[in-house]
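Okay, here's what each chain looks like letter by letter:
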Amino acid sequence: MNIVLFGPPGAGKGTQAERIMNQFNLTHLSTGDIFRQNIKNETTLGLAAKTYIDKGELVPDEVTIKMLESEVKSHPESDGFIFDGFPRTVQQASALDGFLSSIGSSITKMIALDVPKEELIKRLLARGKYSGRADDLDEDIIDNRIQVYLQKTAILADYYNKQGKHFSVNGLGSIDEITVRVFKELEK
Ligand code: C5P
Ligand code: MG
């Protein structure tokens, strides 16, 4: 089983991904977390990604796709993956399909967490108080991240809809309530 956990910044992807990982024995790949780890370790990849992340822009597709493929390859023992924060563009989605197919695999479902913009801003600003993420603290950067999502990422709902793999879940409510909804979609 390979799941794309989809939604705007602040939708709760990371939180729900941790729970799905434990329940379904999947490997959680958060591209944002991998970038942040690389920034912390001052790797070449981290240095390349930092300028984009600080502004709330997307890291170029070639960089992100290459990183993601190498992460998947480094877990040959895995029963499947939860992709959290990837794909974010049509090019990334199409590269992911091609790559998975080349290793005899495919995306099982894309689960989209639906959360209105006002709630996203509220959650991101609250997270900024403890996340240590500069991109969660500045309202202009948060706004830019949401704009980038609307302009480049939201269209992926159509991409997965055409494949019959797009499922929407109401992302408002308690973390437990949302987990119940997500598990229900995954167990179908
Ligand atoms: O997913 P997350 O919100 O943690 O990502 C943080 C930042 O990492 C994004 O705002 C973006 O700058 C960068 N990113 C990216 N491409 C991805 C995932 C994350 O450029 N596929
Ligand atoms: Mg996240």
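See the structure above.
Since this is a predicted model, take the numbers as computed values, not measurements. (Residues numbered from 1 in each chain as written. Chains lettered and ligands numbered in written order. Predicted model: local features only at pLDDT ≥ 70, side-chain atom pairs only at ≥ 80, totals over all residues. Heavy atoms only, no water.)

(A) Highlighting unusual backbone geometry. Between Phe 86 and Pro 87 the backbone carries a cis peptide bond, its omega angle lying at -5°. A positive phi is found at Asn 25, a non-glycine position, where the angle reads about 55°. Looking at the secondary structure, you find Asn 25 in the loop between helix H1 (13–24) and strand S2 (27–30). The backbone of Glu 42 sits at a positive phi, close to 55°, despite the residue not being glycine. Along the chain, the position of Glu 42 falls in the loop between helix H2 (31–40) and helix H3 (44–55). Relative accessible area serves as the criterion here: at 63%, Glu 42 is assigned to the exposed category. (Helix = DSSP H or I, 4+ residues; strand = E, 2+ residues; numbered from the N terminus. Buried < 20%, exposed > 50% of the residue type's maximum accessible area, 1.4 Å probe, protein only.)

(B) Geometry of the nonpolar core. Counting 26 residues, the largest nonpolar core has Val 4, Phe 83, Leu 96 and Tyr 160 as the members making the most contacts within it. Mapped by element, the contributors of at least two residues to this core are strand S1 (3–6), H2, H3, helix H4 (61–73), strand S3 (81–84), helix H5 (90–102), strand S4 (109–114) and helix H9 (156–162). In this view, Tyr 160 contacts Val 4, Pro 87, Ala 93, Leu 96, Ile 107, Met 110, Lys 165 and His 166; residues no more than four positions away in its chain are not counted. Judged by nonpolar contacts, the second largest core, of 20 residues, contains Leu 113, Ile 142, Phe 183 and Leu 186. (Core = buried A, V, L, I, M, F, W, Y, C linked by side-chain atoms within 4.5 Å. Contact = heavy atoms within 4.5 Å.)

(C) Quick peek at the site of ligand 1. Arg 36, Glu 57, Val 59, Gly 85 and Arg 88 are the nearest of the 15 residues found near ligand 1. Here an oxygen atom of ligand 1 sits 2.6 Å away from a polar atom, N or O, in the main chain of Glu 57. Its free accessible area being 450 Å², ligand 1 has 96% of it covered by the protein chains. Of the residues forming the shell around ligand 1, the biggest block, four residues, is contributed by H2. (Near = heavy atom within 4 Å. Polar contact = N/O pair within 3.5 Å; in protein donor to acceptor, adjacent residues only side chain to side chain. Areas by Shrake-Rupley, 256 points an atom, 1.4 Å probe, with all protein chains shown as cover.)

(D) Quick look at H2. Among the residues of H2, those classed as buried are Thr 31, Gly 32, Ile 34, Phe 35 and Asn 38. Each buried residue of H2 lies within a common arc of 165° when the element is viewed along its axis, so the set occupies one face. Buried residues in H2 make contact with S2, H3, H4 and S3. Just downstream of H2 lies Glu 42, where phi reads positive at about 55°. (Arc of directions from axis to C-beta.)

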